[in-house]
Amino acid sequence: MNAPDPAATTASPPHASFAARAHVALADDGLRRKFRRAMDGLMTKRAAQFADTEAWASLRARGAAIRRRALARLPELLEQLEANCRKNGITVHWAETSAEADGIIEGILTRHGVRTIIKGKSMVSEEIHLNHFLGEHGIGAIESDLGEFVIQLAKETPSHIIMPCIHKSKEDVASLFEAKIDGQPYTEDVDVLTATARRVLREQFAAADAGLSGVNFAVAETGTLCLVENEGNGRLSTTLPPLHVAVMGIEKVVEQLEDVPPLLSLLTRSATGQTITTYVNFISGPRKTDEQDGPREVHLVLLDNGRSRIHGDLQLRETLACIRCGACMNHCPVYTRVGGHAYDAVYPGPIGKILTPQIEGLGKAGDLAHASSLCGACGEVCPVAIPIPDLLVRLRREASHAIPSSSVMGAGAQHSAVEDWIWRGWRWMYATPLFYRLATRMLRLIGNRLPASLPMLRDWTRVRAKPQFAPRSLHDLARDRGYHDE
Amino acid sequence: MIAVPEKPKTVYFFGTCLIDLFYPSAGLAGMELLRREGLRVVFPPNQSCCGQPARNCGFREEARAVARRQIRSFPNPWPIVVPSGSCAGMMREHYAELFAGEPDADEAAAFSERVYELTWFLVHVCKVKLVDRGEPVTVTFHGSCHSQREMGVRDEPKALLRELDQVTFVDLQRPAECCGFGGTFSVRLPEISAAMVADKVADIETSGADEVVSGDCGCLMNIAGAMEKAGVSIRARHIAEFILERCHERA
Ligand code: SF4
């Protein structure tokens, strides 16, 4: 078998801006069709789950409150989580940065002489670029989630946080398997493809020295790690190898076990329209003396990577309520058109647009905050009611204004003097009635004669007719018809 | 949920900047529909724009200065009726946050409470009864994102269209999907916006409608412009204009 190359990472497309990457994505008809079909399907399934709008509203309010409560007590809960995990025999590590997390994980693995790890699905491991880092240190990481397995084979990155290879059709997977797996003929039979992946992965499970997983929720009260998945690969990764390393962002903590069921219900129904996933794992420690299976050692790595800073800002803190269901991307009209890779970020779609600029800074990722028509579909479906459009507007402001008190890195990085002048002029025109009257009269006189080749008009008129100024304004007509009198 | 007020004697009309320059007939039709319900309609001459474009781009001071101008222009305690769910959403939902900590925050909040979207106002406050005098026609409706999600206006436009007995209403396949206008979005990311409006036009075409109406002129400018460029001969106009014409009274 040609095992996936663990050190492989995809080079991101060599385009500087979101607009440039979107241009490339939009030219790919097949890609657009695939996303449209997939997202339509997911939206329909979710809608069926939440057909009862009152029940949805009350469950959502519950989920939102649970997350806000946990965030309000975050430092305390993390300490409690640490203490209870230790009591359960889990070793807890704290990582302030991605590099620190990578180092900690590599240290644990090296101490145990690990050469190969098998991984369950984990977005945080993508965030810290773990596979690449381990590869550089001679440790192979094999993705066991079917979607992750496929993209690792293809040397790509995930294009969705729940369905990492949603950008691939079964034909794509068929060709990929034919090219990369020894003795595998081209077949579009999904069952055969799945069986092949399973066969390859079983060999890897047996050979792996350690398993790595993410965490969906960590319960402070009991020191329990909760993990949801559909394929059983996560369960194999966390029980078969003698060593299990879990990695999570510090915001994933909840107060008590009772908090988990409502969140689980919101998560799976929002994500894939499932009432519950096939597997829900509750991990409370390494194998006990009287137990038949489970790892001998369990480690938990708690990653900050900018989260404390986000947490310190009461408005931006909302970002951390996210339970990574992906519903916002499934419903985002921009994501649906360009797919996940155009964002060139670990977290694409609406949540990525607010999270990435906060983690990586506005200089690097500030333009993502503009990758939205502010239609509000994301905020509407978010199961924990994160006001994503408001946060986008907040980040837009800080991207263009060098506000000294800003809690976001790189405030003012996207500042443009031209834009400043445009808005200053806009204000002058719309806040001064006399100027407004003069300016609109001018516009109506010359507006229809403006050439369609003017910068802003050019883009508009590429696919649309030029709007025509009316011969008389509503202001004039309203006066004529006596609507002015008070 | 917005509470339904008593039917007043007088209402203010906010025309919106797009209607003022490009679609004044939509504004006149809106005012006429209200006048037909026995209301005195006042159009304050110093109004201009709700301030949404600047607010959405993060230019708060500029947005606030323009918003303040509107607040001052509507001094009496009458309801303010807006023929655009998007501008109404801005004035109703975002002024509080825009004016937080400002000396006139209370004034802004009191202003916001008086803002209503036109079709909502016609249905819930005026309880209009429409008499259709037009020829049979098939019509579809495009609801703007903000009218649906910020103002909660979903069924009202359809209810109005269903009152017209010669009008066959057909819904879109994706009635809640953004048309791709998004104000400055269409200029900043024109290609994505173009892809979105192309899909919206296709949706309108497959609906089989002769005409598409909307309560928002921003969307209309985008959709009608795209249809014209693509040679799709489906008429597009503001719902107020459509309804008024059906009732045989031209603005
Ligand atoms: S922001 Fe909301 S909708 Fe998006 S992934 Fe997070 S929880 Fe899900």
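In the block above lies the structure referred to throughout.
An account of the accompanying structure is given in this report. Residue indices follow the written sequence of each chain, beginning from 1 at its first position. Here every chain gets a letter starting at A, and every ligand a number starting at 1, in the order they are written. The model is predicted, so local features are restricted to residues of pLDDT at least 70 and side-chain atom pairs to those at 80 or more, both for listing and for counting; the totals for chains, interfaces and linings are taken over all residues. Side-chain numbers here rest on the full set of heavy atoms in the structure, without hydrogens or water.

## Remarks on the overall build of chain B
Piece 1. On a plain count of helices and strands, chain B comes out with 13 helices and eight strands.
Piece 2. We take the radius of gyration over the C-alpha atoms and set the globule estimate at 2.2 Å times the residue count to the 0.38 power. At 18 Å, chain B has a C-alpha radius of gyration in line with the 18 Å of a compact globule built from 251 residues.
Piece 3. By its C-alpha atoms, chain B is 55 × 45 × 30 Å across when sized along the principal axes.
Piece 4. Counting the 251 residues in chain B, one finds 64% classified as buried.
Piece 5. In chain B, of all internal contacts separated by at least 6 residues, the share reaching a separation of at least 24 is 80%.
Piece 6. In these tables, accessible area is a Shrake-Rupley quantity obtained with a 1.4 Å probe, and a residue counts as shielded only by the protein chains included in the view. Just so you have it, chain B exposes about 8800 Å², and 49% of that area is on carbon and sulfur atoms. Numbering goes from the N terminus for both helices and strands, where a helix is a DSSP run of H or I of at least four residues and a strand is a run of E of at least two. Exposure classes here rest on a 1.4 Å probe applied to the protein chains alone. A residue is buried below 20% of its type maximum, exposed above 50%, and partly exposed in between. Every residue pair with non-hydrogen atoms within 4.5 Å of one another is taken to be in contact.

## Describing the interface of chain A and chain B
Piece 1. Listed by partner, the interface residues are 64 residues for chain A and 72 residues for chain B.
Piece 2. Once two parts are brought into contact, the accessible area they lose, counted with a 1.4 Å probe and summed over both, makes up the buried area. At the boundary of chain A with chain B, total buried surface from both sides reaches about 6100 Å², with 61% on carbon and sulfur atoms.
Piece 3. Per-residue buried area on chain A facing chain B is highest for A:W423, A:L474 and A:Y483; these three make up 14% of the total on that side.
Piece 4. Whenever Lys or Arg places a side-chain nitrogen within 4 Å of a carboxyl oxygen from Asp or Glu, that contact is recorded as a salt bridge. Where chain A meets chain B, there are eleven salt bridges.
Piece 5. Between A:E380 and B:R154 there is a salt bridge, with the nearest N and O atoms lying 2.9 Å from each other.
Piece 6. Pairs of N or O atoms within 3.5 Å make up the polar contacts considered here, provided that, within protein, one atom can donate a hydrogen while the other can accept it, and that residues adjacent in sequence are counted only when both atoms are side-chain atoms. At the boundary of chain A with chain B, the tally comes to 32 residue pairs in polar contact (both at pLDDT 80 or more).
Piece 7. Broken down by element, the side of chain A that touches chain B gets its largest block of residues, eight residues, from helix α20 (residues 417-431) of chain A.
Piece 8. Along the lines of polarity and charge, the residues of the side of chain A that touches chain B split into 30 nonpolar, 13 polar and 21 charged. Under the scheme applied, nonpolar residues are Ala, Val, Leu, Ile, Met, Phe, Trp, Tyr, Cys and Pro; charged residues are Asp, Glu, Lys and Arg; polar residues are all the others, including Gly.

## A look at the side chain of A:R394
All names here are of chain A.
Piece 1. Checked against the element boundaries, R394 lands in helix α19 (residues 388-400).
Piece 2. Overall, R394 belongs to the buried group, its relative accessible area being 14%.
Piece 3. Residue contacts for R394: discarding those within four places in its chain leaves D313, Q315, L316 and S407.

## Considerations on the packing of aromatic side chains
Residues and elements named next belong to chain A.
Piece 1. Here a Phe, Tyr or Trp ring, Trp counted by its six-membered ring, pairs with any other such ring whose centre lies within 6.5 Å, and the pair is stacked when the planes are under 30 degrees apart, edge-to-face when over 60, and tilted otherwise. Evaluated as defined, the whole model comprises 20 aromatic pairs over all chains.
Piece 2. Their ring planes at 85° and their centres at 5.4 Å tell us that F35 and Y335 sit as a pair that is edge-to-face. Here F35, found in helix α2 (residues 29-49), pairs with Y335, found in helix α15 (residues 333-338); they are 300 residues apart in sequence, far enough to count as distant. For the pair F35 and Y335, one class covers both residues: buried.
Piece 3. On the basis of an interplanar angle of 85° and a centroid distance of 5.9 Å, the ring pair of F149 and F177 is categorised as edge-to-face. With F149 in helix α8 (residues 146-153) and F177 in helix α9 (residues 170-180), this pair connects stretches of sequence that are 28 residues apart. There is no split in this pair, since F149 and F177 are both buried.

## Examining the pattern of salt bridges
Piece 1. In total, this model carries 44 salt bridges over all chains according to the counting rule given.
Piece 2. We note a salt bridge from A:E156 to A:K168, for which the minimum N-O separation is 3.0 Å. One end of the pair, A:E156, is in the loop between α8 and α9; the other, A:K168, is in the loop between α8 and α9, and twelve residues separate them in sequence.
Piece 3. Through salt bridges with shared partners, a single network forms among A:R32, A:R36, A:D40, A:R337, B:R174, B:E177 and B:D199.

## A word on the sheet that holds strand β5 (residues 137-142) of chain B
Residue and element names in this part refer to chain B.
Piece 1. Two strands pair if DSSP finds at least two bridges between them. Here we have four strands laid out as an open sheet, ordered β6-β5-β7-β8, and parallel in their pairing. The strands lining the two open edges of the sheet, one partner per strand, are β6 (167-169) and β8 (235-238). Each strand axis lies, on average, 35° off the axis of its neighbour in the sheet, ignoring direction.
Piece 2. For strand β7 (residues 211-214) and β8, the ladder comprises four bridges, and the chain directions are parallel. Opposite E211, over in β8, you have R235 as the bridge partner.
Piece 3. Sheet strands in contact with helix α12 (residues 217-230) are β5, β7 and β8, and its direction is about 170° off that of β8. Fitting a line to C-alpha atoms yields each axis, with helices limited to the stretch in contact; the angle taken between N-to-C directions then spans 0 to 180 degrees.

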